[in-house]
Amino acid sequence: MAKTSEAYVRAGEREVRISSPDRVIYEATDTTPAVTKLMVAEYVTSVEEGLMRALRDRPTALERWTSGVRPGMKLATGPQDRDADAFYQKRVPKGAPDYLESVQITFPSGRTAEEICPTEIAVPVWCAQMGTLTFHPWPVRRSDVDHPDELRIDLDPQPGTTFADAVRVAGVARELLADLGMTGFAKTSGNRGIHVYVRIEPRWDFGEVRHAAIAFGRELEKRDDGVTTAWWKEERGERIFVDFNQNTRDRTIASAYSLRPLPGAPVSTPLAWDDLAGLTDPHHLNLFSVPSRLAVDGDPWATIDDVHHSLQPLLDLWEEHPVELNYPPDHPKMPGEPPRVQPSKKVESHWDADGNRVEGT
């Protein structure tokens, strides 16, 4: 059968051209058929309601897998990964359509860039045409790119823990938020983790929101001994890590309804809390199942924008224990930050009987 050279996908009021629509992006698995480039674009339109709620008016980086997803393929995370198969696009690509809008953002280094800012569904569909699977929106709106309107709680299972552990901790997080007068909205990461989002008033800068996330993680540690905020992997143990640094400038999380580059085309899927509590295998939430779920049940995050909470209760907790933790390695060194040295590699000083300093570990 001859391959089709192009196809068109209806996206709102526009027709978006899809080149090489038959290209296989996800290979077939034991439980799912192969997924083509056209199917990815059609998936994007099928989850328009939820996806645009997650992306609208937010600067958004693109995770582009232009050759599809195959075992052993690598995502570039820095200049050292020149032979990688996929990459992050943080600036508006060349050849972008005239209806694509952008906004200027500032990186931790002080450099600036024009980043895609989706305002209509045709934009994510065009991004899918460019090989995008996962959308990484900033926690800000383009009207104020320096003050987040989201607190993002990333529950990251460590080796020796399970998705069930993450579900348990998410339930504890929900209770903690309720005690603080906040409402959290949960979604799967598309893999083993869980993300809990809280809409906040855009009054605080990235540093303050990050401190609020640290304070939340510390309170969560008190309620569940299977939780850790330890930045260094060697100190985390078999616990769920609260990745507070996901609230740092230019650190982003896969959006709601984003595909993930894993076999079976799993989706980062918003869930009602009761549904999350009963979920055993997040990989069942994929390109094939999520659109019908959204069409029948609606978006569990439909009310997420109804209330924007004050961050003050968490900032008050931070002030009770304002001890700084490490920033990501690509971030400039910050005031009060501990040394960026693995605990096992720190060199301690000792003195011998003659008063001479002796280095050791």
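Being a predicted model, the structure only gives us computed values, none of them experimental.

Rules and cut-offs
Residues numbered from 1 in each chain as written. Predicted model: local features only at pLDDT ≥ 70, side-chain atom pairs only at ≥ 80, totals over all residues. Heavy atoms only, no water. Phe/Tyr/Trp six-rings, centres within 6.5 Å; stacked < 30°, edge-to-face > 60°. Helix = DSSP H or I, 4+ residues; strand = E, 2+ residues; numbered from the N terminus. Buried < 20%, exposed > 50% of the residue type's maximum accessible area, 1.4 Å probe, protein only. Pairing = 2+ DSSP bridges. Axes fitted to C-alpha atoms, helices over the stretch in contact; angles between N-to-C directions. Polar contact = N/O pair within 3.5 Å; in protein donor to acceptor, adjacent residues only side chain to side chain. Left-handed = near helix turned anticlockwise from the far one by under 90°. Contact = heavy atoms within 4.5 Å. Nonpolar A, V, L, I, M, F, W, Y, C, P; charged D, E, K, R; others polar.

(A) Main features of the packing of aromatic side chains. Within this structure, the stated rule accounts for six aromatic pairs. For the pair tyrosine 197 and tryptophan 301, a centre-to-centre distance of 5.2 Å together with 45 degrees between the ring planes defines the contact as tilted. Highlighted residues: tyrosine 197 in strand β12 (residues 194-199) and tryptophan 301 in the loop between α7 (290-297) and α8 (312-320), separated in sequence by 104 residues. For the pair shown, tyrosine 197 and tryptophan 301 are each scored as buried. Put simply, the rings of Phe185, Tyr197 and Trp301 touch in pairs and so form one group of aromatic residues.

(B) Structural view of the sheet that holds strand β9 (residues 132-137). Across the sheet, which stays open at both edges, the three strands sit in the order β6-β5-β9 with antiparallel pairing between neighbours. Looking along the sheet, the strands with just one partner apiece sit at the ends: β6 (87-89) and β9. When the angles between neighbouring strand axes are averaged without regard to direction, this sheet yields 25 degrees. Bridge count between strand β5 (residues 60-64) and β9: five bridges; the pairing is antiparallel. In the sheet register, alanine 61 faces β9, and the bridge partner there is histidine 136.

(C) Structural detail: the side chain of serine 258. Considering the arrangement of structural elements, one finds serine 258 in the loop between β14 (240-242) and β15 (270-271). A residue is classified by how much of its surface remains accessible, and serine 258, at 1% relative accessible area, is buried. One polar contact links serine 258 to serine 255, side chain to side chain, over a distance of 2.8 Å.

(D) Representation of the packing of helix α4 (residues 163-179) against helix α5 (residues 206-223) in the model. Across the interface, α4 lies against α5 with an axial gap of 10 Å and an inter-helix angle of 115 degrees. Two packed elements cross with a definite hand, and for α4 against α5 that hand is right-handed. Residues Val169, Val172, Ala173, Glu175, Leu176, Leu177 and Asp179 of α4 touch α5, and the partners they reach there are Phe216, Glu219, Leu220 and Arg223. Considering only residue class, the contact of α4 with α5 consists of seven nonpolar, no polar and four charged.

(E) Region of the structure containing the pairing of strand β11 (residues 185-188). The alternating pattern of β11 places Phe185 and Lys187 on one face and Ala186 and Thr188 on the opposite face, and all of these are buried. Of the pairings in the sheet, the one linking β11 to β12 comprises four bridges and is antiparallel in character. Along β12, the bridge assignment pairs alanine 186 with valine 196. Pairing analysis gives two bridges linking β11 to β15, with the strands arranged antiparallel. Paired with lysine 187 across the strands is proline 270, a residue of β15.

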